[in-house]
Amino acid sequence: MAAKLFTTGALVLGLAAVGAPAALAADPSLDLVGPLSEYKIYVAENTDQLVTDTEALVAAIKAGDLDRAKALFAPTRTSYEKIEPIAELFADLDGSIDARADDYEKGEKDETFTGFHRIEYGLWETGSTRGLEGYADRLLADVKDLNNRINALTFPPEVVVGGAAALMEEVAATKISGEEDRYSHTDLWDFDANFAGSKEIYDLLRPLIADKDFVARVDGNFADAGKVLEKYRMSGGGFVSYEKLTDADRRILAAKVNTLAEDLSTLRGKLGLA
Ligand SMILES: [Cu+2]
């Protein structure tokens, strides 16, 4: 991809040198071709992983293995959380896969409440896999549907570029309160995945950003947020309960997430996208 990008750049420069209109050299969509196709590969890897991991989670639920199902819950979600800006383009599936009980009139008791958080509720609050088989089947059908739909999708550049900020905005607006994984308190797994998904987009676009102060600041804030998360990483992988996060660390994390959301929201303008 880098080679292709270079060729495009050289071509544009060549044209500019022989006196082509400056507007030609300023078309930002040419530079985005490489990063966009890289990102599409990243998303495809994650949706494949999501299907594989969900199959294992569903198998554990159907085998009545409560401990295994609980252990697989958070890691299975991470590939979804990494690609949320794209997954959310399919609002119906995002609703059935990742909605919270609050989105339903009767909360947890609502018949139409499905997906990860319905399963989470069953595993942690009811403490049993019983009655979750149907939700498990539905979740697997939904993530397979998502995988197919994403594979057929032409990625809108503004959604990809805007996705880096969208992930951070979502963490800032709702997730930092711990509302997402309220029964399992596995929120730090999601945060880590949200950071990874945001940083993936940023890193792919990074070579195109001319403002070096901006790049230094964003790099620094990603690193600082990562340092806070590292303190809570378990030796065997994954994270301790969100309840263990100290107020001081929660404040640092919230501040970093807010600054990142604000800075990354200017990416479109920095890349010359409308
Ligand atoms: Cu989510």
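The coordinates are above.
Nothing here was measured: the structure is a model prediction, and the numbers come from that model.

A. Spotlight on the overall build of the chain. Counting its regular elements, the chain contains 13 helices and zero strands. In sequence order, the chain lays out its α and β elements as α-α-α-α-α-α-α-α-α-α-α-α-α. Relative to its full complement of 274 residues, the chain shows a buried share of 47%. For the chain, restricting intrachain contacts to residue pairs at least 6 apart in sequence, the fraction spanning at least 24 positions comes to 74%.

B. Geometry of the coordination of the copper ion. Each protein donor to the copper ion is listed here as Glu81 (OE), Glu84 (OE), Asp98 (OD) and Glu180 (OE); together their distances run 2.0 to 2.5 Å. Taken together, the four donor atoms coordinating the copper ion and their angles of 89 to 178° define a geometry best described as irregular. Sequence positions of the residues that donate to the copper ion give the spacing E-x2-E-x13-D-x81-E. Within this pair, whereas Asp98 is found in helix α6 (residues 91-98), its partner Glu180 is found in the loop between α9 (157-173) and α10 (187-205), the two being separated by 82 residues in sequence. For Glu180, a relative accessible area of 2% gives the class buried.

C. Focus on the side chain of Asp190. Following the sequence through the fold, Asp190 ends up in helix α10. Classification of Asp190 as buried rests on a relative accessible area of 0%.

D. Focus on the nonpolar core. Among the nonpolar cores identified, the biggest contains 72 residues, and Tyr39, Ile86, Leu146, Met168, Phe195, Leu253 and Leu264 are the most heavily contacted of them. A total of eleven residues in this core trace back to one element, the largest contributor, which is helix α3 (residues 28-62). Two domains share this core, each providing at least three of its residues, namely domain 1 (33-154) and domain 2 (156-273). Sequence-distant contacts of Leu146, that is, excluding residues within four places in its chain, are made with Leu50, Tyr80, Ala87, Phe90, Leu93 and Ile97. Of all hydrophobic cores here, the second largest spans six residues; its members include Ala101, Tyr104, Phe113 and Tyr121.

E. How the structure looks around the environment of Asp31. Note that Asp31 resides in helix α3. Classification of Asp31 by relative accessible area gives partly exposed; the value is 30%. A C-alpha to C-alpha distance of 9.9 Å links Asp31 and Pro207, two positions 176 residues apart in sequence.

F. How the structure looks around helix α11 (residues 212-230). Between its first and last C-alpha, α11 extends 27 Å over 19 residues, near the 27 Å set by a 1.5 Å rise per residue. Buried residues along α11 sit against α10, α12 (247-264) and α13 (267-270). Here α11 starts with a cap whose side-chain oxygen sits 3.2 Å from the backbone nitrogen of Asp213, and that cap is Asp211.

G. Main features of the packing of aromatic side chains. Evaluation of the coordinates by the stated rule reveals nine aromatic pairs. Considering the side-chain rings of Tyr39 and Phe155, the 6.1 Å spacing of their centres and the 70° angle between planes classify their relative orientation as edge-to-face. Taken together, the residues Tyr39 in helix α3 and Phe155 in the loop between α8 (133-151) and α9 connect sequence positions 116 residues apart. Summarising the burial analysis for this pair, Tyr39 and Phe155 share the class buried. The interplanar angle of 75° and the centroid separation of 6.4 Å between the aromatic rings of Trp189 and Phe239 together place this pair among those described as edge-to-face. Here the residue Trp189 occupies a position in helix α10, and Phe239 occupies one in the loop between α11 and α12, the gap between them amounting to 50 residues. Through successive ring pairs, a cluster of aromatic residues spans Tyr39, Tyr42 and Phe155. Taking NZ or CZ as reference, Arg77 lies 5.2 Å from the ring centre of Phe116, over its face. Against the face of Phe214 rests Lys270, its NZ or CZ located 4.9 Å from the ring centre.

Conventions used here
Residues numbered from 1 in each chain as written. Predicted model: local features only at pLDDT ≥ 70, side-chain atom pairs only at ≥ 80, totals over all residues. Heavy atoms only, no water. Helix = DSSP H or I, 4+ residues; strand = E, 2+ residues; numbered from the N terminus. Buried < 20%, exposed > 50% of the residue type's maximum accessible area, 1.4 Å probe, protein only. Contact = heavy atoms within 4.5 Å. Donors = N, O, S within 2.8 Å, 3.2 Å for Na, K, Ca; no water. Tetrahedral: all angles 85-135°; square planar, octahedral: opposite > 155°, others 65-115°. Core = buried A, V, L, I, M, F, W, Y, C linked by side-chain atoms within 4.5 Å. Domains from an automatic or database assignment. Expected span 1.5 Å × (residues − 1). Polar contact = N/O pair within 3.5 Å; in protein donor to acceptor, adjacent residues only side chain to side chain. Phe/Tyr/Trp six-rings, centres within 6.5 Å; stacked < 30°, edge-to-face > 60°. Lys NZ or Arg CZ within 6 Å of the ring centre and 35° of its normal.

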